[in-house]
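# Remarks on the overall topology
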Amino acid sequence: MTPPADVAIATATRMIGVVADLNLVCSPGGGTPSIRLASPQGRWLMVATILGSGLAAVDATVVNVALPAIGRDLGLGFSGLQWTVTAYTLTLASLILLGGSAGDRFGRRRVFVLGVAWFALASLLCAVAPTGGALIAARAVQGVGAALLTPASLAIIQATYADADRARAVGTWSGFSGVASALGPFLGGWLLDVGTWRLVFLVNLPLAALVLWLTSRHVPETRDPAASGRLDLPGALVGAIGLGGLSYALIAAPTDGAGSPAVLVAALLGVLGLAGFVVVERRSRTPMIPPGVFGSVQFRAVNAVTLLAYGGIGTTLFLLVIELQVASGLSPLLAGSALMPITVIVVLLSSRSAQLAARVGPRRQMTLGPLVLAGATLLGLRLGPDASYLRDVLPLVVAFGCGLALMVAPLTAAALAAVPVEHAGVASGVNNAVARAGQLLAVAAIPAAAGLGGAAYADPAVFLDGFRAAIWACAGLFLVAGLLAAATVRRG
């Protein structure tokens, strides 16, 4: 792979070489966080968690650049392409809370290992899928693995690093894991250029094997000593029904009609499912979300900003890599390469952004970041058949990277800092679930509202009209997120 294409993984690999002589004694209990980030032990932990969470984060976007090729090969319309993305996000968003709770109860390393292995197996199923329906089903299975490993990776960091290093550790984790949305399109384009879209999934297998080896040797086990009882499976089920019903209704409405029986039934199930989730969580003896977690005003504010901002991020990146191929005429490799400045900017600035937020509070960056993202997204209105990379694409991706670097690390750190450390897995799961739910609903709703459906991705003029309408909607989400942060997030 071309060196710039793999910034995060290459950096992590160099870190592995620096600390190859580590022998870590794992503690089975919760304990007091005491590992220093600058120590060999701290570096091993960071490498393992970055590579593990990177698997799920990269795969959430790496498929985007392959969507036109998948549609042509498997005969999928635009709604089929939406489901290729949404099926993964649906199970991830629905079960990530359960994954966080499972890590706190049964051990974060144990759940992390299970998630990585599950994810690798599902990736293999995606790679060999013979039909569009089989691929969508395998993507849903893949999301289950992501729901296990994602909250566990961040909870391991929160529960093991010393207080003095935790903000920097979260910033470092965010700086590498958070750039996956930018790395994904480039990686997908490179794999399409050298082979087939099926390589997009097969590449996960050797990376998963490396993560499993590192984790088995060098990551300590941690858990919440107070966590007990059964997992909240009923809550996870009704939550999945709620999100799935609403997603189906939003995606199917443009083709089937908003008044069709299937759309109306799905929408009703979605509303009832989400209402049922609230009821089940209030009555459960072992809820996925402990009652005190949302008692924090700061936690509620941060997650409201997360919902809006990640809805805009997910939809913008979903449509941008398709636009660069369909309307601007770039190859998959060039379309992915065009987004590389986002990766570089976020890697360089996220850790510093987290440290600044630790000193002055997260509100300023959580306000400014979404506003910068709104401005960056509106630059997409300049894209089209005659778009120039230097004049039109580069300013967009540079501004987008700056917005992400400003917002992501402070947002993540603020969500975790708003709850006690023993609820790290739950807080991580909640914040990730909110982010994925925002992406899930926005990717389903905004293209439909913009008139993108059927074979729109195959007609450059039709797609460009819908893309520009969607850009305005995404910019609106970012604007509201920034204003909401300014009004509700505390300074300290």
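Going by the structure above, here's the rest.
My aim in this report is to walk through the structure given alongside it, one point at a time. Bear in mind that the values here come from a model prediction, so they are computed numbers and not experimental data.

Rules behind the numbers
Residues numbered from 1 in each chain as written. Predicted model: local features only at pLDDT ≥ 70, side-chain atom pairs only at ≥ 80, totals over all residues. Heavy atoms only, no water. Salt bridge = Lys/Arg side-chain N within 4 Å of Asp/Glu carboxyl O. Helix = DSSP H or I, 4+ residues; strand = E, 2+ residues; numbered from the N terminus. Buried < 20%, exposed > 50% of the residue type's maximum accessible area, 1.4 Å probe, protein only. Expected span 1.5 Å × (residues − 1). Phe/Tyr/Trp six-rings, centres within 6.5 Å; stacked < 30°, edge-to-face > 60°. Arc of directions from axis to C-beta. Axes fitted to C-alpha atoms, helices over the stretch in contact; angles between N-to-C directions. Parallel < 35°, antiparallel > 145°, perpendicular 65-115°, else oblique. Contact = heavy atoms within 4.5 Å. Nonpolar A, V, L, I, M, F, W, Y, C, P; charged D, E, K, R; others polar.

Our next topic: the pattern of salt bridges. Using the criterion set out here, one finds four salt bridges in the structure. Taking the shortest distance from any N to any O, the salt bridge between Asp-73 and Arg-198 comes out at 4.0 Å. Of this pair, Asp-73 sits in helix H3 (residues 67-74) while Arg-198 sits in the loop between helix H8 (180-194) and helix H9 (199-202), and the two are 125 residues apart along the sequence. The exposure class assigned to Asp-73 is partly exposed, which follows from its relative accessible area of 46%. By relative accessible area, Arg-198 is classed as partly exposed at 21%.

With 29 residues, helix H6 (residues 132-160) should reach 42 Å at 1.5 Å per residue; the first-to-last C-alpha distance of 42 Å fits that figure. A large share of H6 lies buried, amounting to 23 of its 29 residues.

For the structure on display, the rule yields six aromatic pairs. An angle of 75 degrees between the planes, with centres 6.5 Å apart, marks the rings of Tyr-88 and Phe-119 as edge-to-face. With Tyr-88 in helix H4 (residues 78-106) and Phe-119 in helix H5 (residues 108-127), the pair connects residues that are 31 residues apart, well separated along the chain. The buried category is assigned to Tyr-88, whose relative accessible area is 1%. Residue Phe-119 is classed as buried on the basis of its relative accessible area, which comes to 0%.

Quick look at helix H10 (residues 204-218) now. In this model, H10 (15 residues) spans 21 Å end to end at C-alpha, consistent with the 21 Å of a helix rising 1.5 Å per residue. Buried within H10 we find Asn-204, Ala-208, Val-211, Leu-214, Thr-215 and His-218. Buried residues of H10, viewed axially, fall in a sector of 130 degrees; they line one side. When the buried face of H10 is taken as reference, the exposed residues oriented beyond 90 degrees from it are Pro-206 and Ser-216.

Here we take up the packing of H4 against H5. For the pair H4 and H5, interaxial distance at closest approach is 8 Å and the crossing angle is 150 degrees. Taken as axis vectors, H4 and H5 run roughly antiparallel relative to one another. Contacts between H4 and H5 pair Tyr-88, Gly-99, Ala-102, Gly-103, Asp-104 and Phe-106 from the former with Arg-108, Arg-110, Val-111 and Phe-119 from the latter. For the contact of H4 with H5, the class distribution of residues is five nonpolar, two polar and three charged.

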